Structures are given as structure tokens and as C-alpha cells.
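Read off the chains here:
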Amino acid sequence: MKICFIFIFTLLMTFFSGCGSQIEPDQNIDAPTTIIPPANLSQPSPSPEIPDLQAELLDGRDKISAHGLGTFDFKNYSYALPRGWENPDGSDIELVNGLVKPVEAGVSDDMSNEEKADLKATRRIGLSYVTTKYLDATGDGEHEAIVILKIETGGGAIPQVVYVYSWKDGGAELIWMFRTGDRADGGLKDIRVENGLVTVELYGQDRFILGQIETGKITGDEEQLCCPTHFTRSQYKWNGTSFLLNGKRLTYSNIDKTAPPIENLGDIVNAKEKDRK
């Protein structure tokens, strides 16, 4: 009996041992996958923001006056147009609630010369009110009003006109006017009074006021209209009848704020051009 039990036990152990050796791993079970994080791709640099070229004109400086001009309604007023922006008939332009829209009249090649002339005669410049600054521009202790208007061209350009008024006989008397260019091309950056002089800053290299227009470009002063790399500071003194350029014209870099200004840059460029010839 004891021998029989040992025999049966041995058979069972052999059977289970054989079954265990036949068990194989399931080949259909995927092995765990190693997850490789994506490469740290460099992100493109964001495009630089377009600067607000009107920021200084529209800040809170010099916007209030206790003198008569402080209550004058320049948003509903008639203005003469500067040379280069006149209406075909030479008429003034009257703002209504700060705006006059331009009147455009397109012509085509299939029109007669008379038709073209008639249509062009109907064109009118548009204007919109920008702001008014109150400054003692003449040095008499009283405020003058510096009224800034934008010429409406029907496009994206921002040429402007500056009108300087004194207070006389209960009304506004025009004593100076000039137009500026478009943004980086001689556009108006700021106007203020410093040490009794009217300081005008225009975008561009050696851009300053002569009479009613800004100076022409100097060689190499071509850039994107949105983003001027330079501006020019010039000053003007009232002589009792007009404002005259006073001192040197200073061209500053908008890129390198630590760079010293270049004096009378246009004269330097002209001298080099003359030497080349």
C-alpha cells in the first residue's frame, strides 16, 4: 500500500511538471512602449508690435487752458488748406463735429478731357480733428492753441496739418500753419514748448519745417511707413510776425536710444554727394 501511494504521487508530480513546462508567454501581448517626449522645438519669435506714432500727441499734456482759446470750438470751424493739399477751387474746409469726409471722383481713360476736368473739379479734401494743445508759443505769457488735424485721403496715410492760433478780439487768429508727412515719412511725433521755443519732432532723418511744408527726404531716408527708425527735433522762435528755425536740427535714433543726435544731417549728406561729383 505504501509502495502504491508513492507510485501514484510520483506520477502526479511528473504530470504537473510537464504541464508547467508547456506554458508559454502569450505572443499577442504587446510589450510596453517607451514614450519619447517630442523635441523641444524653438518657437518663432513674435512679430514686433507696430508702434503707436500718435501716443505723444494724444497724451494728457497741455490739453486745458483758462484763456479764451480754451473754450473755442475747433471741432466746428473753418480751416484754410496748406500748399499741396488745396481743393481744386481753393476753398477752405469747414469741420462739422470734427470731421469732413473727402469727396473722391475717379476718372477713366475712356472719358474726354472735358469730362475728366469736370470730375476732378468736384474733388474735395477731407479733414478730421485729432487734438488741441495749449502752449505759450510766442512767449507773451498767454496760451496759443495748437490744433492738429488729420488729412483724410480715403486710404491708410496719416498726413496732418498743424494750425497755431492766438486769441485776438474775442476770436481765434491764425499765426502759423504747416503740414507734415505720413508716419515715418516726416509724420508728426510731438509738438511742445521748451525754453520759450516751439519744439517740433518729425519722424525721419533731418525732417523739419520750412514755411508750410516739411522738407524733402534726404538720401537714404526710405523705410517702412509703420516703423520709423529716426526722428528729427527742431525748434522755432516767434519774431513778432512769424516762426523761424532756431538752432541746429537734431536727428535721433529710435533704435539706439543712447546714440547721440546727429546735427544737421542733411547738410552732411549733401556735402558728401557734392564731393562725389
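Residues numbered from 1 in each chain as written. Predicted model: local features only at pLDDT ≥ 70, side-chain atom pairs only at ≥ 80, totals over all residues. Heavy atoms only, no water.

Draft legend 1. Region of the structure containing the overall build of the protein chain. Counting its secondary structure elements, the protein chain contains three helices and 14 strands. Looking at the protein chain residue by residue over its 277 residues, the buried ones come to 34%. For the protein chain, the share of sequence-separated contacts (at least 6 apart) that also reach a separation of at least 24 residues comes to 52%. Carbon and sulfur atoms form 55% of the exposed surface of the protein chain, whose accessible area is close to 17,400 Å². (Helix = DSSP H or I, 4+ residues; strand = E, 2+ residues; numbered from the N terminus. Buried < 20%, exposed > 50% of the residue type's maximum accessible area, 1.4 Å probe, protein only. Contact = heavy atoms within 4.5 Å. Areas by Shrake-Rupley, 256 points an atom, 1.4 Å probe, with all protein chains shown as cover.)

Draft legend 2. A look at the sheet that holds strand β14 (residues 262-263). Read across the open sheet, the five strands follow the order β8-β9-β12-β13-β14; overall the sheet is antiparallel. Across the chains shown, the open sheet's two edge strands, defined by having one partner strand only, are β8 (188-194) and β14. Here strand β13 (residues 243-253) runs beside β14; their pairing, made up of two bridges, is antiparallel. Considered in β14, the bridge of T251 is made with I262. (Pairing = 2+ DSSP bridges.)

Draft legend 3. Focus on the pattern of salt bridges. Inspection of every chain in the model, using the stated rule, returns 19 salt bridges. Between R61 and D190 there is a salt bridge, and its shortest N-O distance comes to 3.0 Å. A residue pair is termed long-range when its members are at least 10 positions apart, and R61 in the loop between α1 (2-21) and β1 (78-79) and D190 in strand β8 qualify at 129 residues. With relative accessibility at 28%, the residue R61 sits in the partly exposed group. Judged by relative accessible area, which is 1%, D190 ranks as buried. For R249, the salt bridge identified is with D206, shortest N-O distance 2.7 Å. With a gap of 43 residues between them, R249 in strand β13 and D206 in the loop between β9 (197-203) and β10 (209-210) connect regions that are remote in the sequence. (Salt bridge = Lys/Arg side-chain N within 4 Å of Asp/Glu carboxyl O.)

Draft legend 4. Spotlight on the confidence of the model for the protein chain. Across the protein chain, pLDDT averages 84, with 83% of residues at or above 70. Confidence over residues 1-31 falls short of pLDDT 50; this stretch has zero contacts with residues more than four positions distant or in other chains. (pLDDT = per-residue confidence, 0-100.)

Draft legend 5. View of empty space enclosed by the protein. Under the criterion given, the structure shown has one cavity of 30 Å³ or more. Quantified by volume, the largest cavity comes out at close to 50 Å³. Taken together, L53, Q54, I158, Q160, G181, R183, G187, L188 and Y203 make up the lining of the largest cavity. (1 Å grid on protein atoms, 1.4 Å probe; cavity = no way out; pocket = protein on both sides within 12 Å on 5 of 7 lines; lining within 4 Å. Points joined across faces, edges and corners; volume = space filled by probe spheres on them.)

Draft legend 6. Molecular detail of unusual backbone geometry. One non-glycine residue, D62, adopts positive backbone phi at about 60 degrees. Counting through the fold element by element, D62 comes out in the loop between α1 and β1. Even without being glycine, N264 reaches a positive phi, approximately 45 degrees. Tracing the backbone shows N264 in the loop between β14 and α3 (265-276).

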